[in-house]
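Coordinate inspection notes
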Amino acid sequence: MSLVAEGVTCRYGQQTVLDGVDLTVEPGRVLGLTGPSGSGKSSLARILTGLRSPDSGTVLADGRPVAARRGRMSGDLGLLHQSPRAATDPRMRLRGIIAQPLTARARGTGPGARGAGRKADEARRVAELARRVGLTGDLLDRRPDQVSAGQLQRACVARALAAAPRYLVCDEPTAMLDAASTATVAHLLTSLAEDGVGILAISHDHALLAAWAHDVVDLSRLGAPHTGHPAGRRASP
Ligand SMILES: Nc1ncnc2c1ncn2[C@@H]1O[C@H](COP(=O)(O)OP(=O)(O)OP(=O)(O)O)[C@@H](O)[C@H]1O
C-alpha cells in the first residue's frame, strides 16, 4: 500500500520535464523531494494527485489508478500549495475554508446528512482542527486578506486534515512562511505522518528536509547509475 509513480513522463510541447520517474510515498513516512527550479517538482506533484495525466507511465494510490474527476482529486489524496492565497477563495472566511472538505463530503452523502445536526458537527470539527493548527477562534471569522500568510497556510493545513487524505503532497508548503510558521507547519505534517498519512514534502530548503523527512530524493539526480535505472529517473527512499 503506497502512492507509486512508475515511469512517469511529462512533456510540455517539445520540452520533456520528467522522463521515466519512479517514486514511492509510503504511509506514515515523509519523503522529501528537492531539485533545482524548473526540474519538474510541481509538475510531478500535479501528476501524483491526478490533476494532470502523465504522458506515459502510471500513478497508483494503494493499487488504484489516480485520476481527478472534473478537476477534483480523489479523497485519498491531498495537495498543499506553496501559496495559500492562490489556494483559497478570497471571499470565504477561514472557518468556511477549513470546512470545505466536510461540506463537500456531506453534499455527496445526500439530503439525509444535511441539517442542523450536521452543521453542529461540522462547526465542532472546524474548531478542533483550528486548535490543532494553532488558529484562535477570532481568526476563523476573517477572510484570507485579513490574516498573515502563515495563518492562512495553517488554515490550509487544517483543510487538508479535514479531508483526511491517505497521501498528502506538499508543494513547497513553507516557502512563504517565516521561521516560526515553518516550524509549526513542519511539525503538523510530521504529526500527520505519525497518524499514518504518507507525505511527499517538496522543498528547496535542504536543512528543513534533513530535519523533517525520513528520506530525501533530488529530482535532478534521479537516474544516477546506482539507481539501476539508466533509461529514466528513479526515486526510491
Ligand atoms: N503548463 C505548462 N506549460 C508549459 N510549460 C510548463 C507548464 N508548467 C510547467 N512548465 C515548465 O516545465 C518546467 C518544470 O516546471 P515545474 O513548475 O514543474 O518545476 P519546479 O521544479 O516545480 O520549479 P520551481 O522550483 O521553480 O517551482 C519549467 O521549465 C516550466 O516552465
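Just so you know, the residues in each chain are numbered from 1, in the order the chain's sequence is written. The model is predicted, so local features are restricted to residues of pLDDT at least 70 and side-chain atom pairs to those at 80 or more, both for listing and for counting; the totals for chains, interfaces and linings are taken over all residues. Excluded from the side-chain calculations are hydrogens and water; all other atoms, namely the structure's heavy atoms, are used.

The name recorded for the protein chain in an unreviewed UniProt entry is ATP-binding cassette domain-containing protein, from Streptomonospora nanhaiensis. UniProt positions are given in the numbering used here, feature names are shortened, and annotations may be inferred rather than shown by experiment. Turning to the protein chain, the UniProt record has this under Sequence similarities (unreviewed entry): "Belongs to the ABC transporter superfamily."

This part takes up the site of the ligand. The ligand sits among 13 residues. The nearest are Ser37, Gly38, Lys41, Ser42 and Ser43. N or O atoms closer than or at 3.5 Å make up a polar contact, with two conditions inside protein: a donor-capable atom paired with an acceptor-capable one, and, for residues adjacent in sequence, both atoms drawn from side chains. At 3.1 Å from an oxygen atom of the ligand is found a side-chain nitrogen or oxygen belonging to glutamine 15. Backbone polar atom of glycine 40 to an oxygen atom of the ligand: 3.0 Å apart, as the coordinates give it. The set of elements that each furnish at least two residues to the shell around the ligand consists of strand E2 (15-25) and helix H1 (41-48). Helix and strand assignments follow DSSP, with helices taken as H or I runs no shorter than four residues and strands as E runs no shorter than two, numbered in order from the N terminus. Element by element, the count of residues in the shell around the ligand is highest for H1, at three residues. Classification convention: Asp, Glu, Lys, Arg as charged; Ala, Val, Leu, Ile, Met, Phe, Trp, Tyr, Cys, Pro as nonpolar; all other residues, Gly among them, as polar. Among the residues making up the shell around the ligand, the classes are represented as three nonpolar, eight polar and two charged. The cutoff for a nearby residue is simple: one of its non-hydrogen atoms must lie within 4 Å of the molecule or strand.

Before going further, it helps to examine unusual backbone geometry. Despite not being glycine, alanine 164 has its phi angle at roughly 45°, a positive value. One non-glycine residue, glutamate 172, lies in positive phi territory at about 50°. Counting through the fold element by element, glutamate 172 comes out in the loop between strand E7 (167-171) and helix H5 (179-194).

This brings us to the confidence of the model for the protein chain. The predictor reports its confidence for every residue as pLDDT, a score running from 0 up to 100. Confidence in the prediction of the protein chain, expressed as mean pLDDT, is 86, and 87% of residues score 70 or more. Of all the helices and strands in the protein chain, strand E10 (residues 233-235) carries the lowest mean pLDDT, 49, while strand E8 (residues 198-202) carries the highest, 96. Confidence over residues 223-234 falls short of pLDDT 50; this stretch has 24 contacts with residues more than four positions distant or in other chains. Contacts are residue-level and defined by heavy atoms, with any inter-residue pair within 4.5 Å sufficient.

Before going further, it helps to examine the nonpolar core. Counting 39 residues, the largest nonpolar core has Leu94, Ile98, Leu135, Leu168, Leu189, Ile199 and Trp212 as its most contacted members. The element contributing the most residues to this core is helix H4 (residues 149-162), with eight residues. In this structure, this core is formed jointly by two domains, domain 1 (1-76 + 165-237) and domain 2 (91-164), each of which donates at least three residues. If we ignore the near neighbours within four places in the chain, the residues touching tryptophan 212 are Val30, Pro173, Ala186, Leu189, Thr190 and Ala201. To qualify as a nonpolar core, a set must consist of buried Ala, Val, Leu, Ile, Met, Phe, Trp, Tyr and Cys residues joined through side-chain atoms within 4.5 Å. Under the scheme applied here, a residue whose accessible area is under 20% of the maximum for its type counts as buried, over 50% as exposed, and between as partly exposed, the area being computed with a 1.4 Å probe on protein chains only. For the domain bounds, the source is a domain assignment made automatically or taken from a database.

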